[in-house]
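Commentary on secondary and tertiary structure
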Amino acid sequence: MLEIEIDGKKLTVNQGITIMDAAHTAGTHIPHFCYHKKLSIAANCRMCLVEVEKAPKPLPACATPVTDGMKVHTASPLAKKAQAGVMEFLLINHPLDCPICDQGGECQLQDLAVGYGNSSSRYQEEKRAVVGKDMGPLVSAEEMSRCIHCTRCVRFTEEIGGFQEIGMANRSEFSEILPFLGKTVNSEISGNVIDLCPVGALTSKPFRYATRAWELSRRKSVSPHDGLGSNLIVQVKQNQVMRVLPLENEDINECWIADRDRFSYEGLNSAERLQKPMIKFDGKWHETDWQTALDYVVKGLNGVANDHGKDAIGFLASPHSTTEELYLAQKLARSFGVNNIDAALRRSDKRVAAAQQGALWLGSSIVELLAAKSVLMVGSTQRQEQPLLASRLRQSVKKGMALNVIHTSDDELLTRINAKLIISPLALVNALAQVLKAAVEIKSASTTLDLSAANVGAEARAIADSLCAAESAAIVLGNVAQHHPAFAELLSLAQEIGRVTGARFGIAAEAANSVGADIAGVNPQRGPLGKTVSAGIGASEMLAAPRKAYVLLNSEIEADAYNSQQAVAAMKQAATVIALTAFKGEALLDYADVLLPIAPFSETAGSFVNMEGKLQPFNGVVRPLGETRPAWKVLRVLGNMLNLSGFDFNSAEDVRAELLAHGDIAAALNNQLTSVAANVVADGTLVRIGEVPMYQADAICRRAESLQKTAAAAAPVIALNPQDIAKLGLEAGQPAIVSQGEAEVRLQLVADAAVAAGAVRVAAAHPATQALGGLFEPIQIKRG
């Protein structure tokens, strides 16, 4: 510890920190532009010059480490003169367009110019102009004359994004910030450069010229997309969401958010928003009032129950729904006598629900995962599924974490990989069995699982070595593993590897409330917080053996199910399909019978439980649109109309309180499974890799126009290993036809060495591929 003095205030600080960091602990503000606590030190703006006693000239506070006995003056005449001089240089070429600049009102240069600039300029020469740049559909760089070359954006893309998509070319007054020639910025977290830019050089393209910063109200919320649960600030004007920014939470999202958290708000204002209840009769849709629509629902449910029994009804809820909505959905179903309820719509392995002993979760806090010395990611397309978690893992690798990968595609993770196994989906179980067998040998342990079919390869042994040698290790199963038909085996093997090596194991929750759905009891085998209930069947069984009636909560089954072909067929044969939805999608209008308009996350109070099991409540930020109602209110009224007891709730908080009265969330989190044999092996069949693109993951993202213009939202292709293309006699760059069941889809064929041999990578949940079948089922391919 060192003794220093800042502006006469004595401090005791850690050795090695800078004057800027020490000033922050003392609550002293030092003006700056290039400094950011999450980025490396550049010291190129010079705005933070301060006077240090015995130093011959002012020093940059961001780059000067403290020394014992140092005395710093941040507002002395010398410091002020230096700061004013820097400000004058910064303003020499800066355009005087504050009245039309999108950054006006929240511009650091504007604020500091008031405090440190002169009232007039001595500069009489012509100002420099810089041509605007094309950085893609999300980030606007059309006014690069405003850039002050702080290089925050450059450092962000390289250090946090993992790949330097923005750089600074030329020198001196000819310096320019620009993307690589002919390229746009395609990072899944690129929008953060908008927040980082201290001037109006990089701004939000969707938000551009929409409104002024001071006209917006700021409200807190939580991301409704992936299981990380990023904290948000939602900015509102005239009852419309105008912009979304990060709310700093060091334990979860730090000060960043993913692009889908930032820009998906466009979907909230989509033309497809359902604003009035609708009923279909005579093959046509008609708007109606709430009472008529609810009477229709009650009549339909009672009719099916009386004619076919309660088992002929199925409830399918989206894990993007709030905890309160999910709790009331299962309470309504079970109170009515229906046990078929599920929220794991893309999970194909029905054995997991029966074998699990608690709510599946990450297995540790996010901070503990990132502090692990060795991590094994199984079946995870990390940058698509969990953009921010992937970024945070990259930072951990820089600090010494050994990141290991078992996956179906060798995707570019933009970080150092310790060991990896890239195999066909059919070989995933065998690959994990190899790691377990190697770990058993290393630890001289025993296991009850039959590992005789697993021939341990070099990469599997390297992964096992890494997990066994680390003082803290973790195994995380991603979306591919969770959707896999052998998810039970994969989870069971992860459990056994964890037991042998001492590693934690768990899942990276797919949706915002996947963990919350288990906690709320939207599980065919388990009630709220693990309460014993009469067992029903899960989503995969409900769609494979169609029901006579379906109740859909926030789910667009044609995009949200494991087998969309099968799901749509099940909907079309049903006597009644009741959809509680915020959107009227084309497919939904085709198979549904009644649409009840419910509020998205921005228009209702509720909570999400993130992957680490943390309950995060939030309130609606705008009033419900049109005649939209919060889903918990709709479910409460339906409960009363069906003459069910216990549906007298006055608020979402009341619903949450009843759920939490069942027990403790932390006690309900448990990844342990009853024994499942590891008996699935590769059989040489050509199999599909059906990942869900990150901007097709939920109904809101699908309707965000700017996200749908990005490279990540490009039309699906057939990606095939070059060896398989040659073996099948096909030609890359030409159209080809893939088929599953009775459906055929014609797409472009692309040679991709990253795809495992024996697999065909065809994205799911996209309108172009929704006619196909199971995500990890056999698939045929032929010339187009």
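From a predicted model like this one, the values you see are computed outputs, not experimental measurements.

1. Observations concerning the overall build of the chain
- Within the chain, the regular secondary structure consists of 26 helices and 33 strands.
- In summary, the chain has a C-alpha radius of gyration of 28 Å against a globular reference of 28 Å for 784 residues, a match within 12%.
- For the chain, the spread of C-alpha atoms along the principal axes amounts to about 90 × 65 × 55 Å.
- Considering the chain as a whole, with its 784 residues, one finds that 61% of them fall into the buried category.
- Counting only contacts in the chain whose residues sit at least 6 apart along the sequence, the fraction spanning at least 24 positions is 72%.
- About 30100 Å² of surface is accessible on the chain, with carbon and sulfur atoms providing 50% of the total.
- Averaging the positions of the 75 positive and the 83 negative side-chain charges in the chain gives two centres separated by 2 Å.

2. A few points about the nonpolar core
- Formed by 123 residues in total, the largest nonpolar core has its most connected members in Phe 33, Leu 202, Ile 313, Leu 580 and Leu 596.
- A per-element tally of this core places helix α7 (residues 290–308) first, with 8 residues.
- With near-sequence residues (within four places) excluded, Leu 202 lies in contact with Met 135, Val 139, Ser 140, Ala 141, Met 144, Cys 153, Val 193, Ile 194 and Cys 197.

3. Some points on the packing of aromatic side chains
- Enumeration according to the criterion identifies 2 aromatic pairs in this entry.
- Cation over ring: Arg 243 sits above Phe 207, and NZ or CZ is 4.5 Å from the ring centre.

4. Structural notes on helix α22 (residues 631–641)
- Of all the positions in α22, only Ala 631, Trp 632, Val 634, Leu 635, Arg 636, Leu 638 and Gly 639 are classed as buried.
- Looking at the residues trailing α22, positive phi occurs at Asn 643, about 60°.

5. Considerations on the pattern of salt bridges
- Applying the stated rule across the entire model yields 36 salt bridges.
- The closest approach of N and O atoms between Lys 350 and Glu 541, which form a salt bridge, is 3.8 Å. Taken together, the residues Lys 350 in the loop between β17 (341–342) and α9 (351–355) and Glu 541 in helix α18 (residues 539–544) connect sequence positions 191 residues apart.
- A residue is classified by how much of its surface remains accessible, and Glu 541, at 24% relative accessible area, is partly exposed.
- Put simply, Lys 727 and Asp 724 hold a salt bridge, and the shortest N to O gap is 3.9 Å.

6. As for the UniProt feature "domain: 4Fe-4S Mo/W bis-MGD-type" (unreviewed entry) in the chain
- When the UniProt feature table is mapped onto this chain, "domain: 4Fe-4S Mo/W bis-MGD-type" (unreviewed entry) is found at residues 216–272.
- Between the C-alpha atoms that bound residues 216–272 there is a distance of 25 Å. The span itself is 9% helix and 35% strand.

7. Quick notes on the packing of α7 against α22
- The geometry of α7 relative to α22 is characterised by a closest axis approach of 10 Å and an angle of 60° between their N-to-C directions. One way to sum up the angle between α7 and α22 is to call them oblique. α22 is crossed by α7, and the crossing has right-handed handedness. Facing Trp 290, Gln 291, Leu 294, Asp 295, Val 297 and Val 298 of α7, the residues of α22 in contact are Val 634, Val 637, Leu 638 and Met 641.
- Here the contact of α7 with α22 is composed, by residue class, of 8 nonpolar, 1 polar and 1 charged.

8. Details of the side chain of Arg 526
- Within the secondary structure, Arg 526 sits in the loop between α17 (514–520) and α18.
- Look at Arg 526: it is buried, it has no salt bridge, and the nearest opposite charge is Asp 518 at 4.8 Å.
- Residues within four places of Arg 526 in sequence aside, it is in contact with Arg 334, Gln 356, Gln 357, Gly 358, Ala 359, Asp 518, Gly 521, Lys 531, Val 533 and Ala 668.

9. Points about the packing of helix α8 (residues 323–336) against helix α23 (residues 652–660)
- At a closest axis distance of 9 Å, the pairing of α8 and α23 adopts a crossing angle of 65°. On the basis of their axis angle, the class for α8 and α23 is roughly perpendicular. Relative to α23, α8 is oriented so that their crossing is left-handed. Mapping the contact onto sequence places Thr 323, Glu 324, Tyr 327, Leu 328 and Lys 331 in α8 and Ala 652, Val 655, Arg 656, Glu 658 and Leu 659 in α23.

10. A closer look at the sheet that holds strand β1 (residues 2–6)
- Taken in spatial order, the 5 strands make up an open sheet running β2-β1-β5-β3-β4, and their pairing is mixed. Strands at the two margins of the open sheet, each flanked by one partner only, are β2 (9–13) and β4 (59–60).
- Where β1 meets β2, 5 bridges bridge the pair, whose relative direction is antiparallel. Counterpart to Glu 5 in the pairing with β2 is Lys 10.
- Its contacts with the sheet place helix α1 (residues 19–26) against β1, β2, β3 (49–52) and β5 (71–73), and it is angled at close to 115° to β2.

About the thresholds
- Residues numbered from 1 in each chain as written.
- Predicted model: local features only at pLDDT ≥ 70, side-chain atom pairs only at ≥ 80, totals over all residues.
- Heavy atoms only, no water.
- Helix = DSSP H or I, 4+ residues; strand = E, 2+ residues; numbered from the N terminus.
- Rg over C-alpha atoms; globule rule 2.2 N^0.38 Å.
- Buried < 20%, exposed > 50% of the residue type's maximum accessible area, 1.4 Å probe, protein only.
- Contact = heavy atoms within 4.5 Å.
- Areas by Shrake-Rupley, 256 points an atom, 1.4 Å probe, with all protein chains shown as cover.
- Lys, Arg positive; Asp, Glu negative; His and termini not counted.
- Charge placed at Lys NZ, Arg CZ, Asp CG, Glu CD.
- Core = buried A, V, L, I, M, F, W, Y, C linked by side-chain atoms within 4.5 Å.
- Phe/Tyr/Trp six-rings, centres within 6.5 Å; stacked < 30°, edge-to-face > 60°.
- Lys NZ or Arg CZ within 6 Å of the ring centre and 35° of its normal.
- Salt bridge = Lys/Arg side-chain N within 4 Å of Asp/Glu carboxyl O.
- UniProt positions renumbered as here; feature names shortened; annotations may be inferred.
- Axes fitted to C-alpha atoms, helices over the stretch in contact; angles between N-to-C directions.
- Parallel < 35°, antiparallel > 145°, perpendicular 65-115°, else oblique.
- Left-handed = near helix turned anticlockwise from the far one by under 90°.
- Nonpolar A, V, L, I, M, F, W, Y, C, P; charged D, E, K, R; others polar.
- Pairing = 2+ DSSP bridges.

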